[in-house]
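Observations on the model geometry
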Protein chains: 4
Amino acid sequence: MSARTIAFIGLGVMGAPMAANLVRAGFDVVGYNRTAARTDALVAAGGRAAPSAAEAAEGADAVITMLPDSPDVESVVLGEGKVLDRMRPGSLLIDMSTIRPDVARALALAGAEAGVRVLDAPVSGGEQGAVEAKLSIMVGGEEDAFDAARPVLDALGATVVHVGPAGAGQTVKAANQLIVAGVIELVSEALVFLDAHGVDRGSAVRVLAGGLAGSAVLDRKAPSMLARDFDPGFRVDLHHKDLGIVTAAAREAGVAIPMGALAASLMASLRAQGFGDLDHSALLLQVERLSGREGETSN
Amino acid sequence: MSARTIAFIGLGVMGAPMAANLVRAGFDVVGYNRTAARTDALVAAGGRAAPSAAEAAEGADAVITMLPDSPDVESVVLGEGKVLDRMRPGSLLIDMSTIRPDVARALALAGAEAGVRVLDAPVSGGEQGAVEAKLSIMVGGEEDAFDAARPVLDALGATVVHVGPAGAGQTVKAANQLIVAGVIELVSEALVFLDAHGVDRGSAVRVLAGGLAGSAVLDRKAPSMLARDFDPGFRVDLHHKDLGIVTAAAREAGVAIPMGALAASLMASLRAQGFGDLDHSALLLQVERLSGREGETSN
Amino acid sequence: MSARTIAFIGLGVMGAPMAANLVRAGFDVVGYNRTAARTDALVAAGGRAAPSAAEAAEGADAVITMLPDSPDVESVVLGEGKVLDRMRPGSLLIDMSTIRPDVARALALAGAEAGVRVLDAPVSGGEQGAVEAKLSIMVGGEEDAFDAARPVLDALGATVVHVGPAGAGQTVKAANQLIVAGVIELVSEALVFLDAHGVDRGSAVRVLAGGLAGSAVLDRKAPSMLARDFDPGFRVDLHHKDLGIVTAAAREAGVAIPMGALAASLMASLRAQGFGDLDHSALLLQVERLSGREGETSN
Amino acid sequence: MSARTIAFIGLGVMGAPMAANLVRAGFDVVGYNRTAARTDALVAAGGRAAPSAAEAAEGADAVITMLPDSPDVESVVLGEGKVLDRMRPGSLLIDMSTIRPDVARALALAGAEAGVRVLDAPVSGGEQGAVEAKLSIMVGGEEDAFDAARPVLDALGATVVHVGPAGAGQTVKAANQLIVAGVIELVSEALVFLDAHGVDRGSAVRVLAGGLAGSAVLDRKAPSMLARDFDPGFRVDLHHKDLGIVTAAAREAGVAIPMGALAASLMASLRAQGFGDLDHSALLLQVERLSGREGETSN
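The structure presented is a predicted model; accordingly, all values stated were derived computationally and were not measured.

With that settled, the discussion passes to the overall build of chain A. Scanning chain A from N- to C-terminus turns up 15 helices and 9 strands. Relative to the globule expectation of 19 Å for 299 residues, the C-alpha radius of gyration of chain A, 20 Å, shows essentially globular dimensions. Referenced to the eigenvectors of the C-alpha coordinate spread, the extents of chain A come out at roughly 65 × 45 × 35 Å. Residues classed as buried in chain A amount to 63% of the 299 residues present. Restricting to contacts in chain A with at least 6 residues of sequence separation, those with at least 24 account for 65%. Total accessible area on chain A is roughly 10,100 Å²; 50% of this is exposed by carbon and sulfur atoms. Each charge class in chain A was averaged separately, 25 positive and 36 negative side chains, and the resulting centres sit 2 Å apart.

Written out as structure tokens, the structure reads:
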């Protein structure tokens, strides 16, 4: 069986375009969002709105949650009269939020008791990836659940990979956030370094992108960084939360992540300086500040 | 005028395939290498061999140097009876080695006095990029010298960009080496993190590569890292040398590069542990060691 | 009222000599330890043994807890039939363990409800400080509770300071652990640096100790480090736990502690390499390993 | 023979009180300073002034240099008609500046050729230590030269230690500067941490100073840091220079100094932000800035 009716809970910056893509792919999508007005666009696109998460979940073949943090997912999914309680046996719960791996494993256990197949399926690729259905989706859970969810996930992303058992998706997402934060910081340091030496940064970015220093961050983020446009995108506050997951998981596993720890420390500091609402690429501002070059950059 | 006869000095891992590509593109190439046997392949490919760097340079339209470090370039190029002394006015000296930006500027000054047009044109892309003529080439120097060198450089690389005046190429290369070292370390930390959490790393790399964590390092280096193949490639010793250039140039310009400094420190430590002859992706070994996971990795 | 009968719960490396000092100072000390044999020395010294923590607490003027971690203190103190439940109104509960500041505050609240005055009073100074009654004691809680506890604390330490309300003692202890870990690492780096340059380290330590680089770590730890004696003392495992408290508290308060974060990362790595049972001064071993100098040191 | 007539070159913040102490100890002191007015105090105290460094050195039993950096010492000491050229065989040259160990070794070689016995004897202890003749002096050079210099050095410091051959004094000084910078940063992080948690910092410093976290920095620097008094003392610019020596020497010897590298990076950043003229304890300002707490601190 592949899912035909999908409940989509959490219609934010990422969730809204994802739900719209599911409608476009032919699914019957029932959306719910705490701020009710956000369902309007879904309805206009051909979906339906539900008055609560639990009611959206009622009778759905699959429920997708796309929420900010671990406690949000737990409070919507678990407990009497909540989402899991309303789902029918054999249906799929796909949590696409970025949460703690241990919480993902707890959800999978709760699902197993209720006869519901649970996947953790966090994404990478940002708002643009969500809009263009080009997300990278890292999926943890049982093989057969992954197979069943495949048509749904393929409507949302370009790279959909089953990476292991319950929680594995979140673990890979944690690794993703570690790398992304680090690469943004490295690119920021390189940009300030180049500027301080009077090099034209547009040209430099072009040539750096073509060699071993090339990265998605350089391709997609450097232009807005050079334009000093730090509209999110992905907010510093959220990346800070994610790096808390990364460092805790590394600590627990006894893994040395010196560069990850530094990235976490720099992101925390950026937030403490009042930049929590900017895009995470605002790490550039901190490098400038630490270099005594605030507002001096000119190219 | 565009260059027809090219002296190529330094036929190592990078220089040899680059010289061959120039022959293939129709240039008359006269090669020199300290270890003479290395010219054999060039001759077999249709080039010529010279008994000394100075004799190779005699009468050439352009001289290319591709040598390990700043003192090597200085000793070959400058001084009585050396390369610069033999070059005819109006010809091009293109140093494609990775050296200190201030040495590159000094070469440009010496060239100007001799009527020779000097470019610093370091490359990124590794042996594979050299073989396939797909290098990224970052060029510093006068605009007209860049234009004159363009046909030569286009025969060697896929991304050829003029980034500024003399020394600017080396500055961009320094930024390149900062980013590359940092990304290798980040990927290493992510791989050990994933392994410690029991995630299949091949799958994880596939999905990470598709999102904002994607990079040339992940594409080109992660497979050999997972296969524990650390044959160079680009040696730790050389990257260590380059990071010395980076940190000195950052220090001189008053630029804060906390992550670059950490990368330099980790690369220096890797070398001190006796891994100087391995590929720079051997940073993975150090993360494993720091995590008490030497030789434990299994996938 | 000043305390005459004192229940002492936790007779480990630190607790045993502290309890003995209280006997020596004339207090009536009733000890309890999970491993019962550890009360023998206390009885021999003139104290008494109780069969459970709760029975030790019964009727005491003051209860002191000296336990490994937050959960240990919570499980002994809180709950029906536990220590707090047995204490009489107006008596003192002095927790001298190193635990999380928020747990210390929770204990103080629970005590207030039961009419018991609670202090958090962690210590610094190690086994030697405990034996010689020369501990530094950093006390959080109400002023009058501090005054009442003063005679008890003065029998245990040379520097007894009231640093603020409930939890403040633990906050200062966290700062203490941040500094101590960092200074041990700095001294380790200096010692390996000196050795690598062929300097006699005994002489160097002597002169360093006399200037602005002087510290208690240099005075008390450097000699055993040079002798390669890493018998605890204070175990890496425990310091690792404490640095978890430090980094969490810094993160929560938005305070940048780049060096503290690095220290935490290095201590975690030392533990991951299998050195958790050594004294925290074993950070020296890691610096040697990172410098490719394992077992090479000679002076 | 012990030295009776001493030439003292460099009468700055440190040199002036040191020269005065030598007069007080009964030596015949001939001073020279580039800014001539600085010799007035020496003359008033009973010393003599010379019109040039070379003339001061003429006929002296010992020459002491106390200058800012390696090039200053080289330019005053080496070359025709310079200090070394004027010194008589068998006399002592004691360089008390903080310079590069390799430069110290070069001076010793030059001295040996001229029959002059050279010591590198940098100091720790600051202006106060200089005034009170309580400096720590770390001496490199031949044993017999050290013995001959002993009476001079004892008039300047409380801890005078021969640490090894030529250059060893500077190596120990480098280790000293590594530790001092690191401890100031650790204390800064602890102070901001305590403030953010509402702890009274004066009390906290008192109790921290009594335990294993105790240090000369906490004793001598914390009070002025809490008073936000960053008058030098020892300037950020100079400590930045010294940390350049430390990191270069560590790099050359293949020693991993992760915390030293971080300290160097933080000091460089402090300088880049325009604080080069403040006392090095101004690292506190940077931690506050990184924590978004500029000017918020209240106790």
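Text resumes after the structure shown.
Residue and element names in this part refer to chain D. When we look at burial in helix 4 (residues 70–77), the residues that qualify are S70, V73, V76 and V77. All buried residues of helix 4 project into a common sector of 140 degrees when viewed along the axis, lining one side. Buried positions along helix 4 lie against strand 1 (5–9), helix 3 (53–57), strand 4 (62–65), helix 5 (83–86), strand 5 (92–95) and helix 6 (101–114). Two residues or fewer after helix 4 comes G79, characterised by a positive phi angle close to 110 degrees.

The next thing to look at is the relation of the copies chain C and chain A. With an RMSD of 0.0 Å, chain C superimposes on chain A once it is rotated by 180 degrees and translated 0.0 Å along the axis. In short, the pair behaves as if placed about a two-fold rotation axis. Minimal C-alpha distance to the rotation axis in chain C is attained by A261 of chain C, lying at 3.5 Å. Of the residues that chain C buries at the interface, 100% are likewise interface residues in chain A, meaning the two copies contact each other through the same surface.

Our next topic: the interface of chain C and chain A. Contact with chain C, which involves 10 residues of that partner, is made by 10 residues of chain A. Here chain C meets chain A over a buried area of about 850 Å², counting both sides, of which 52% is carbon and sulfur. Run the count over chain C and chain A and you get 0 salt bridges. In this structure, the connection of chain C to chain A is made through 2 residue pairs in polar contact (both at pLDDT 80 or more). Those elements that place two or more of their residues in the side of chain C that touches chain A are helix 13 (236–253) and helix 14 (258–275) of chain C.

The subject of this paragraph is unusual backbone geometry. Residues and elements named next belong to chain A. The peptide bond linking P232 to G233 adopts the cis configuration, its omega dihedral lying at 5 degrees. For G233, the position within the fold is in the loop between helix 12 (222–226) and helix 13 (236–253). At R228, a position not held by glycine, the phi torsion is positive, near 55 degrees.

Time to look at the pattern of salt bridges. Under the definition given, this model contains 60 salt bridges over all chains. For D277 of chain A, the salt bridge goes to R235 of chain A, with nearest N and O atoms at 3.1 Å. Here the residue D277 of chain A occupies a position in the loop between helix 14 (258–275) and helix 15 (283–290), and R235 of chain A occupies one in the loop between helix 12 and helix 13, the gap between them amounting to 42 residues. Since its relative accessible area comes to 28%, R235 of chain A is described here as partly exposed. A salt bridge links R150 of chain C to D154 of chain C, with the shortest nitrogen-to-oxygen separation between them at 3.2 Å. With R150 of chain C and D154 of chain C both in helix 8 (residues 143–154) and 4 residues apart, the pair spans about one turn of that helix. On the accessibility criterion, R150 of chain C (32% relative accessible area) is partly exposed. One network of salt bridges, with partners in common, ties together R235, D237, R271 and D277 of chain A.

Residue and element names in this part refer to chain A. According to the domain assignment, chain A contains domain 1 (5–165) and domain 2 (171–290). The centre of domain 1, based on its C-alpha atoms, is set 28 Å off from the matching centre of domain 2. In this complex, domain 1 contributes 12 residues to the contact, which on the side of domain 2 involves 9 residues. With both sides pooled, the region where domain 1 packs onto domain 2 buries about 970 Å², and carbon together with sulfur makes up 61% of that total. On the domain 1 side of the interface with domain 2, the three residues burying the most area are T98, P101 and M138, jointly 42% of the side's total. Across the contact surface, domain 1 and domain 2 share 0 salt bridges. For the interface between domain 1 and domain 2, the tally reads 5 residue pairs in polar contact (both at pLDDT 80 or more). Considered class by class, the residues forming the side of domain 1 that touches domain 2 number 7 nonpolar, 3 polar and 2 charged.

What follows is about the interface of chain A and chain B. On the side of chain B, 64 residues touch chain A, which itself brings 65 residues to the contact. Here chain A meets chain B over a buried area of about 5,400 Å², counting both sides, of which 76% is carbon and sulfur. The largest contributions to the chain A side of the interface with chain B come from F193, L212 and M259 of chain A, which together make up 15% of the buried area. In this structure, the connection of chain A to chain B is made through 0 salt bridges. Where chain A touches chain B, the interface holds 18 residue pairs in polar contact (both at pLDDT 80 or more). Elements supplying a minimum of two residues to the side of chain A that touches chain B: strand 8 (135–140), strand 9 (157–164), helix 9 (168–196), helix 10 (201–209), helix 11 (216–220), helix 13, helix 14 and helix 15 of chain A. In terms of residue count, helix 9 of chain A provides more of the side of chain A that touches chain B than any other element does, 20 residues in total.

Another point: the packing of helix 13 (residues 236–253) of chain D against helix 14 (residues 258–275) of chain D. Residues and elements named next belong to chain D. Contact pair helix 13 / helix 14: the axes reach a minimum separation of 9 Å and the direction vectors enclose 150 degrees. Between helix 13 and helix 14 lies a crossing of left-handed hand. On helix 14, the residues touching V236, D237, H239, H240, L243 and T247 of helix 13 are A263, A264, M267, A268, L270, R271 and F275. Of the residues belonging to the contact of helix 13 with helix 14, the class tally is 8 nonpolar, 3 polar and 2 charged.

Tallying each qualifying case throughout the model produces 6 cavities of 30 Å³ or more. In this structure, the largest cavity encloses a volume near 190 Å³. Taken together, 16 residues form the lining of the largest cavity, with P258 and L262 of chain A, L262 of chain B, L262 of chain C together with L262 of chain D sitting closest to its centre. The set of elements that each furnish at least two residues to the lining of the largest cavity consists of helix 14 of chain A, helix 14 (258–275) of chain B, helix 14 of chain C together with helix 14 of chain D. Across the lining of the largest cavity, the residue classes tally to 12 nonpolar, 4 polar and no charged.

A few words on the UniProt feature "domain: 6-phosphogluconate dehydrogenase NADP-binding" (unreviewed entry) in chain A. Mapped onto this numbering, the UniProt entry annotates "domain: 6-phosphogluconate dehydrogenase NADP-binding" (unreviewed entry) at residues 5–164 of chain A. Between the end C-alpha atoms of residues 5–164 of chain A the distance is 26 Å, and the span holds 41% helix and 25% strand.

What follows covers the pairing of strand 4 (residues 62–65) of chain B. All names here are of chain B. Going residue by residue along strand 4, you find A62 and I64 tucked away on one face and V63 and T65 tucked away on the opposite face as well. Relative to strand 4, strand 1 (residues 5–9) runs parallel, the two sharing 4 bridges. The residue of strand 4 that forms the bridge with A7 is V63.

All names here are of chain D. Burial of strand 5 is two-sided: the residues L92 and I94 facing one way and the residues L93 and D95 facing the other way are all buried. As judged from the 4 bridges shared by strand 4 and strand 5, these two strands associate in the parallel manner. The residue of strand 5 that forms the bridge with A62 is L92. As paired elements, strand 5 and strand 6 (residues 117–120) share 4 bridges and run parallel to each other. Bridged to L93 within strand 6 is V118. Considered for its hand, the β-α-β crossover made up of strand 5, helix 6 and strand 6 is right-handed.

Residues and elements named next belong to chain D. Axis separation between helix 9 (residues 168–196) and helix 15 (residues 283–290) bottoms out at 9 Å; the angle between their running directions is 45 degrees. Classified by the interaxial angle, the pair formed by helix 9 and helix 15 is oblique. Classified by chirality, the crossing of helix 15 by helix 9 is right-handed. Packed against helix 9, whose contacting residues are A181, I184, E185, S188, E189, L191 and V192, the element helix 15 presents L283, L284, V287 and E288 at the interface.

Taken residue by residue, chain A gives an average pLDDT of 95. The fraction at 70 or more is 97%. Scoring the predicted complex yields pTM 0.92 and, for the interface, ipTM 0.94.

Every α-helical turn comprises 3.6 residues, leaving residues that sit three or four positions apart pointing alike. Residue and element names in this part refer to chain B. Extensive coverage of helix 1 (residues 15–24) is indicated by the burial of 8 of its 10 residues. Within helix 1, burial applies to G15, P17, M18, A19, A20, N21, L22 and V23. Two residues or fewer after helix 1 comes G26, characterised by a positive phi angle close to 100 degrees.

Thresholds applied
- Residues numbered from 1 in each chain as written.
- Chains lettered and ligands numbered in written order.
- Predicted model: local features only at pLDDT ≥ 70, side-chain atom pairs only at ≥ 80, totals over all residues.
- Heavy atoms only, no water.
- Helix = DSSP H or I, 4+ residues; strand = E, 2+ residues; numbered from the N terminus.
- Rg over C-alpha atoms; globule rule 2.2 N^0.38 Å.
- Buried < 20%, exposed > 50% of the residue type's maximum accessible area, 1.4 Å probe, protein only.
- Contact = heavy atoms within 4.5 Å.
- Areas by Shrake-Rupley, 256 points an atom, 1.4 Å probe, with all protein chains shown as cover.
- Lys, Arg positive; Asp, Glu negative; His and termini not counted.
- Charge placed at Lys NZ, Arg CZ, Asp CG, Glu CD.
- Arc of directions from axis to C-beta.
- Least-squares fit on C-alpha atoms with pLDDT ≥ 70 in both.
- Buried area = accessible area lost by both parts, 1.4 Å probe.
- Salt bridge = Lys/Arg side-chain N within 4 Å of Asp/Glu carboxyl O.
- Polar contact = N/O pair within 3.5 Å; in protein donor to acceptor, adjacent residues only side chain to side chain.
- Domains from an automatic or database assignment.
- Nonpolar A, V, L, I, M, F, W, Y, C, P; charged D, E, K, R; others polar.
- Axes fitted to C-alpha atoms, helices over the stretch in contact; angles between N-to-C directions.
- Left-handed = near helix turned anticlockwise from the far one by under 90°.
- 1 Å grid on protein atoms, 1.4 Å probe; cavity = no way out; pocket = protein on both sides within 12 Å on 5 of 7 lines; lining within 4 Å.
- Points joined across faces, edges and corners; volume = space filled by probe spheres on them.
- UniProt positions renumbered as here; feature names shortened; annotations may be inferred.
- Pairing = 2+ DSSP bridges.
- Right-handed = clockwise from strand over helix to strand, strands pointing away.
- Parallel < 35°, antiparallel > 145°, perpendicular 65-115°, else oblique.
- pLDDT = per-residue confidence, 0-100.

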